[in-house]
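Descriptive structure summary
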Amino acid sequence: MTEPNIRILLAKLGLDGHDRGLKVVARLLRDAGMEVIYLGLRQTAESIVAAAEQEDADAIGLSMHNAGHLTLAPRMVAALAVAELEIPVIVGGIVPDEDVAALRDAGVAAVLGPGAPAEEVVDVVRRAVDQRRSTG
Amino acid sequence: MSAMDGDDRSRWSKAYEGAVLRDVPFETMSGVPVEPVYGAGPYPGQYPYTRGVHPAMYRSRLWTMRMFAGFGTAEDTNGRFKELLHHGGTGLSTAFDMPTLMGHDSDSGWALGEVGRAGVAIDTLADMRDLFADIDLATVSTSMTINGPAPILLAMYIAVAEQTGVERSALAGTIQNDILKEYQAQKEYIYPPRPSMRLVTDMMRFTTAEMPLWHPVSISGYHIREAGSTAAQELAFTLANGFAYVEAARSTGLPVDDFAKRLSFFFNAHIDFFEEIAKLRAARRIWARWMKERYGATAERSLLCRIHTQTAGVSLTAQQPEINIARVAIQALAAALGGTQSLHTDSYDEALALPTEEAARIALRTQQIVAHETGVTNVADPLGGSAYVEELTDEMERQAEAIFAHLDELGEGSILEGVYAGIENGYFVGEIADAAYRFERGVNDGQRIVVGVNAFTDGDDPENRNLLRIGPETEDYQRKRLDAVKADRDGQRVQDTLAQLTSDAADPTLNLMPPILDAVRAMATEGEIVDALREEFGTYVEKAVI
């Protein structure tokens, strides 16, 4: 039996408008056969939870270039927990290495640094979703 | 030498002789004397200014070394400003945090986690006073990188100056205020394009009448390029936006020669060395020609494309960040050879965080090396006449003209309407996203080498990085400060000035700068003023497309 297609929701969390990276990721995940729901700019934890529920997303990709990741990403994970949605959250953008452990501790499934190659991006999403499907 | 060229040469000589030169020897390191310019005309300072806007270029005046800075609270950034001036920086350039850029106060829900992180937090006139404390606004020139809420920040700057006894007419500087590229690339818009354009033209009218040393719009390709465009798209979209502002200002009755001299440009210096030089040369030529032929400008100053350049943040790598110093040096050299009037050099750690003071100092030192050690400032447009650079310049111009023709058609004879249409139909964002994706595919399949990322990856040392951290205490501090300002002001006066602003916004014949100044002086917050205008103008929401 083949696994159903991965549905991934992509969003910019917060105010910053740097969407170049997220758009590139959207296209490369689509080229890798995933269904991409692109929410775009100025999303909040609440708007992302609502969309994830409605779209039955398998994973959420957040892009942040505002140095607010330590505040905003844990709130995202917490909002999903409140809504009882077990959806892995993957964070990309400008995240210093030293913050990765804190994000993982807060429940973020994976962190993709600047310059992550396409295969790694696709791989990280697949692994996060597989893990959720095997435990959920 | 043709007769025409002989004329050009003698006119140029005369202009050159009138210039005041820097007191340094114009010779090579070995003592070979060098001419101020080589090759054929038209020469620097001559239409269409391909070779430079000034006959003596850097022999008379080096570019302004303007380093962009801003983080944390107004006091924090004030300290960095003083540091940069102390190290020989010659102009200030202010980076605001995301809430300020988007018109949200530090106590808004939207600001959570973002206060003071990517720039300085400014909520009220009180913050602006702290930002420029002990800096003489009559002698320094200040650039403010802000777009959606630009009139509010300009009003705050004027109010601070006036409170310290400096007349607004004495203020020199630039406010970015280029709203069109926000819809195309940087995405820091608030209102829909047309009411936003009204704010831009209000500011142009206001500064034209009252602030003769101020540049009310810095037409910016930088962000278009950072978002992923090609060099030719950066050139074309930027100049098209410039034409759009000219058309918008003219439609309010401003004569072109009254305001065009105060328009300035902001381009990216990316890593493809010769293409970047060609792009800046082409920008000057195209602008001069269009201003003269299409918009009927006659004053020479109206024809000059004066350029601020910043090295390409997007070219910097998080891997082996110290090698970014070399990238920045090469890009700074391209900006100088392209004839820029001012330059910001990026700090090597910008792919990781906001720059540390050390990284910012190295970046400034890098352009000082280009200016003072390399000798490139001795000769204007030293690459002019190179078959390759001239051909690349022509090619940049051809590609840009094809894009102008498309926009002109979209707008049925108006570039302004063509730009609106291109924003509406996703033309700009689509073109930029396509180019960005092509670039990334090239890096991914190894066709394009990025040192440290997909080749030569040994030597990265993520453990030993000294990054600037902005703690959560900044956010707490700034909120308390805002509470204190709000507790201390005359609430009725705030409400009255805001109500007046909303009411004036409904009448397109009124200039909104005076009521904004009143609100700022009453200590209304940036967010309150933005909302007062939002009542009339509405909010822009982008269609999300990939």
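Before reading on, note that the structure itself is shown above.
Next up on the list: helix 21 (residues 526-537) of chain B. All names here are of chain B. Over its 12 residues, helix 21 runs 16 Å from end to end, which matches the ideal 16 Å to within 8%, given 1.5 Å per residue. Within the sequence span of helix 21, burial applies to Glu 526, Gly 527, Glu 528, Ile 529, Val 530, Ala 532, Leu 533 and Phe 537. Buried residues belonging to helix 21 abut helix 3 (98-102), helix 5 (150-163), helix 7 (193-210), helix 18 (473-487), helix 19 (491-505) and helix 20 (513-521). Count one or two residues on from helix 21 and you reach Gly 538, which has phi positive near 80°.

On to unusual backbone geometry. The residue after B:Gly41, namely B:Pro42, is reached through a cis peptide bond having omega -5°. Looking at the element boundaries, B:Pro42 is found in the loop between helix 1 (3-17) and strand 1 (64-69). Here B:Tyr47 and B:Pro48 are connected by a cis peptide whose omega angle stands at 5°. We note that A:Asp56 has phi near 55°; this positive angle belongs to a residue other than glycine.

For the rest of this paragraph, the subject is the packing of aromatic side chains. For the coordinates displayed, the defined rule picks out 24 aromatic pairs over all chains. Centroid distance B:Tyr58 to B:Trp63: 4.9 Å. Interplanar angle 80°. Geometry classified as edge-to-face. You can call B:Trp63 buried: its relative accessible area is 3%. Here the aromatic rings of B:Phe265 and B:Trp287 are separated by 4.7 Å at their centres, their planes lie at 70°, and the arrangement is edge-to-face. Of this pair, B:Phe265 sits in strand 7 (residues 263-269) while B:Trp287 sits in helix 11 (residues 273-293), and the two are 22 residues apart along the sequence. Among the aromatic residues, those joined into a ring-pair cluster are B:Phe243, B:Phe265, B:Phe267, B:Trp287, B:Trp290, B:Tyr295 and B:Phe404. The side chain of A:Arg42 reaches across the aromatic face of B:Tyr189, ending 5.6 Å from its centre. Across from the ring centre of B:Tyr43, 4.9 Å away, lies the NZ or CZ of B:Arg9, which sits over that ring.

Glancing now at the pattern of salt bridges. Taken as a whole and assessed by the stated rule, the structure comprises 41 salt bridges over all chains. Its salt-bridge partner being A:Asp19, residue B:Lys187 comes within 2.6 Å of it at the nearest N-O pair. With B:Lys187 in the loop between helix 6 (180-186) and helix 7 and A:Asp19 in the loop between strand 1 (7-13) and helix 1 (20-31), the pair connects residues from two separate chains. For the pair B:Lys187 and A:Asp19, one class covers both residues: buried. The residue B:Asp460 makes a salt bridge to B:Arg465 at a minimum N-O spacing of 2.5 Å. B:Asp460 sits in the partly exposed class, given a relative accessible area of 30%. A cluster of three or more residues bridged by salt bridges with shared partners is formed by B:Glu162, B:Arg168, B:Glu210, B:Asp518 and B:Arg521.

This part is about helix 2 (residues 74-86) of chain B. Residue and element names in this part refer to chain B. In this model, helix 2 (13 residues) spans 18 Å end to end at C-alpha, consistent with the 18 Å of a helix rising 1.5 Å per residue. Buried within helix 2 are the following residues: Ala 74, Thr 77, Asn 78, Arg 80, Phe 81 and Leu 84. Axial view of helix 2: buried residues confined to an arc of 160°, hence all on one face. A positive phi of about 100° marks Gly 88, the residue just after helix 2.

Attention now goes to the environment of A:Leu103. Residue and element names in this part refer to chain A. Within the secondary structure layout, Leu 103 lies in helix 4 (residues 100-105). The buried category is assigned to Leu 103, whose relative accessible area is 0%. Between the C-alpha atom of Leu 103 and that of Thr 71, which follows or precedes it by 32 residues, the distance is 9.6 Å. Filtering out sequence-adjacent residues up to four positions away, Leu 103 remains in contact with His 69, Leu 70, Ala 73, Pro 74, Val 95, Val 108 and Val 111.

Residues and elements named next belong to chain A. Strand order in the open sheet formed by five strands is 2-1-3-4-5, and the pairing between neighbours is parallel. Whereas interior strands pair on both sides, the edge strands pair on one side only; in this sheet they are strand 2 (35-43) and strand 5 (110-112). In this sheet, neighbouring strand axes are inclined to one another by 20° on average, regardless of whether the strands run parallel or antiparallel. Where strand 4 (residues 89-93) meets strand 5, three bridges bridge the pair, whose relative direction is parallel. When the sheet's bridge partners are listed, Val 91 is paired in strand 5 with Val 111. Of the strands in this sheet, strand 1, strand 2 and strand 3 (59-64) are in contact with helix 1, which crosses strand 1 at around 175°. Across the sheet, helix 3 (residues 69-82) lies against strand 1, strand 3 and strand 4, angled at about 160° from strand 3, the strand it touches most.

What counts as what
- As a convention, each chain's residues are numbered from 1 in the sequence order in which they are written.
- As a convention, the first chain written is A and the first ligand written is 1, with the rest following in written order.
- A pLDDT threshold of at least 70 governs which residues receive local features in this predicted model, and a stricter bar of 80 or more applies before side-chain atom pairs are shown or counted, although totals over entire chains, interfaces and linings include all residues.
- Only hydrogens and water are set aside when side-chain values are computed; all heavy atoms of the structure are taken into account.
- In this description a helix means any DSSP run of H or I spanning at least four residues, a strand means any run of E spanning at least two, and both kinds are numbered starting from the N terminus.
- Helices are assigned an expected span. That span is 1.5 Å times one less than the residue count.
- Exposed residues in this analysis have more than 50% of their type's maximum accessible area, buried residues have under 20%, and partly exposed residues fall in between, with area computed by a 1.4 Å probe over protein chains only.
- By definition in these notes, contact holds between two residues if any of their heavy atoms fall within 4.5 Å.
- The criterion for an aromatic pair is that two Phe, Tyr or Trp rings (for Trp, the six-membered ring) have centres within 6.5 Å, with stacked assigned to planes under 30 degrees apart, edge-to-face to planes over 60 apart and tilted to the rest.
- By the criterion adopted, a ring carries a charge over it if an Arg CZ or a Lys NZ lies within 6 Å of its centre and within 35 degrees of its normal.
- Salt bridge criterion: a side-chain nitrogen from Lys or Arg within 4 Å of a carboxyl oxygen from Asp or Glu.
- The directions considered for the arc are those from the helix axis to the C-beta atoms.
- Whether two strands pair depends on DSSP finding at least two bridges between them.
- To obtain an axis, a line is fitted to C-alpha atoms, over the contacting stretch when the element is a helix, and the angle between two such axes runs from 0 to 180 degrees between their N-to-C directions.

None of the figures reported here should be taken as evidence of function without further support.
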